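Listed below, chain by chain, are the residues.
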Amino acid sequence: MGNRVKGKVAIVTGAGSIGPGIGNGKASAILYAREGAIVMLVDRNIEAAEETKHIIEEEGGNSFTFQADVTIPNDCKSIVDNCIKFYNKIDILHNNVGIEIPGGVVETTEEIWDRVMNVNLKSMFLTTKYVLPYMQKQESGSIINISSLNAIRTLPSCISTPYAVAKAGVVALTREIAIQYAAKGIRANAILPGLMNTPLVAATILDSYGGNIEKAMETRDTMCITGKQGEAWDVGYAALFLASDEAKYINGAALLVDGGLTKIWR
Ligand SMILES: NC(=O)c1ccc[n+]([C@@H]2O[C@H](COP(=O)([O-])OP(=O)(O)OC[C@H]3O[C@@H](n4cnc5c(N)ncnc54)[C@H](O)[C@@H]3O)[C@@H](O)[C@H]2O)c1
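Notes on the structure follow. (Residues numbered from 1 in each chain as written. Predicted model: local features only at pLDDT ≥ 70, side-chain atom pairs only at ≥ 80, totals over all residues.)

1. Some remarks on the site of the ligand
Taken together, 30 residues sit near the ligand, with G14, G16, G23, G25 and G98 positioned nearest. Split by residue class, the shell around the ligand holds 13 nonpolar, 13 polar and four charged. (Near = placed C-beta within 6 Å. Nonpolar A, V, L, I, M, F, W, Y, C, P; charged D, E, K, R; others polar.)

What follows is the structure in C-alpha cells.
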C-alpha cells in the first residue's frame with residue numbers, strides 16, 4: 001500500500017464498469033485506495049460498484065459503495081451528505097460518469113441532447129455544487145473532471161456532437177471552478193482521455209465501428225500514433241497525480257492522456 005493520497009477521502013462517481021474489465025472510474029478508484037485513500041464508490045449500478053470494492057478489499061484497501069444516479073440532484077446531495085456523515089471531510093471529488101451517443105446535429109433528438117448534457121455535464125455541476133462548501137470550509141480539496149479528446153478535436157469517422165459539446169463544457173466548468181476557488185486551497189483539473197481500450201467502447205459506440213469489437217479495437221489501435229489505445233490505468237494514474245499533493249500547484253489544467261494523438265497532422 002502506497003501513501004500518495006494517504007488518509008484522504010475520495011468520492012469517485014461511476015466507480016464500477018459498464019461491462020467486464022476495467023473502466024476509467026474503476027481504475028482510478030482502485031489506485032486511490034492503493035495509495036491510501038478511503039474511497040466512496042458511487043454508481044447507479046450497485047453490483048458494478050461492489051465489484052470494484054471487492055478488488056480494493058483483496059488488495060487491503062478501504063472503500064465503501066453508495067448507490068446514486070448523478071443525473072438526479074437529490075442523489076448528488078445525498079452522496080456528499082453521506083460522505084460527510086461518515087468521514088467528516090471530502091478531499092477528492094472525481095467526476096467520472098459520462099456517456100457517448102454518436103450522431104451529429106440532425107441525427108440527435110432533443111431527448112438525446114438533454115440526456116448527454118445531463119449525464120456528462122450537469123452531473124458534474126451538481127456534485128461540485130454540493131461538495132464545494134465543504135471543501136471551502138476545509139480550505140482544501142482536489143476536483144478531477146473527466147472530459148475527453150472530443151472536447152478539442154473532431155473524429156470524422158465517429159461524429160458525436162452532443163458528447164463533444166458536453167465535454168468541452170466540462171473543461172470550461174473545471175476552469176471556472178479552478179479560478180474562483182484557487183485562493184481557497186481548492187484545485188480543479190480536467191483529464192482529456194484519447195482513445196482508450198475500456199468496456200465503454202463495446203457498450204456504447206461499437207456501432208460507429210461496424211459492430212465488431214475485434215475490428216473496432218484494431219481500428220482504434222491503428223488510429224493511435226503509438227499503435228495502441230491507452231488503458232483505463234493511464235487515466236487513473238493521471239488522476240492520482242492530480243488528486244495528490246504532488247500536484248499542489250496544478251490548477252485549471254486540461255490534461256491530455258492521449259499518447260500524443262492530438263499533436264499530429266494527418
Ligand atoms: N473509453 C474511452 O475511450 C474514453 C475516452 C474519452 C473519455 N472517456 C470518458 O471516461 C469516462 C468513462 O469512464 P468509465 O470507463 O469508467 O465508464 P463506464 O461506461 O465503464 O462507466 C462507469 C460506471 O458509471 C456508471 N454510471 C453510468 N451512468 C451513471 C449515472 N447516471 N449515475 C451513476 N453512475 C453511472 C455505470 O453504471 C458504470 O458502472 C466518461 O466520462 C467518458 O466520457 C472515455
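Alright, that's what it looks like, and here's the rest.
2. Notes on helix α1 (residues 24-34)
Within α1, eleven of the eleven residues are buried, leaving the element largely enclosed by the surrounding structure. Those residues of α1 lying buried are N24, G25, K26, A27, S28, A29, I30, L31, Y32, A33 and R34. Note on α1: the residue one or two positions beyond its end, G36, has a positive phi of about 100 degrees. (Buried ≥ 20, exposed ≤ 12 C-beta atoms within 10 Å, placed from the backbone. Helix = DSSP H or I, 4+ residues; strand = E, 2+ residues; numbered from the N terminus.)

3. As for the environment of E59
Residue position: E59 is located in the loop between α2 (46-58) and β3 (62-67). For E59, a count of 11 C-beta atoms within 10 Å corresponds to the exposed category. C-alpha separation for the pair E59 and V116, spaced 57 residues apart in sequence, amounts to 35 Å.

4. Considering the pairing of strand β2 (residues 38-43)
Where burial is concerned, most of β2 is hidden: six out of the six residues are buried. Neither face of β2 is exposed, since I38, M40 and V42 on one face and V39, L41 and D43 on the opposite face are all buried. As paired strands, strand β1 (residues 9-13) and β2 are joined by five bridges and run parallel to one another. Note that in β2 the partner of V12 across the bridge is L41. For the segment spanning β1, α1 and β2, crossover handedness is right-handed. Direction of pairing for β2 relative to β3: parallel, over a ladder of six bridges. Bridge pairing links I38 to N62 in β3. (Pairing = 2+ DSSP bridges. Right-handed = clockwise from strand over helix to strand, strands pointing away.)

The values are spatial; any link to function lies outside them.
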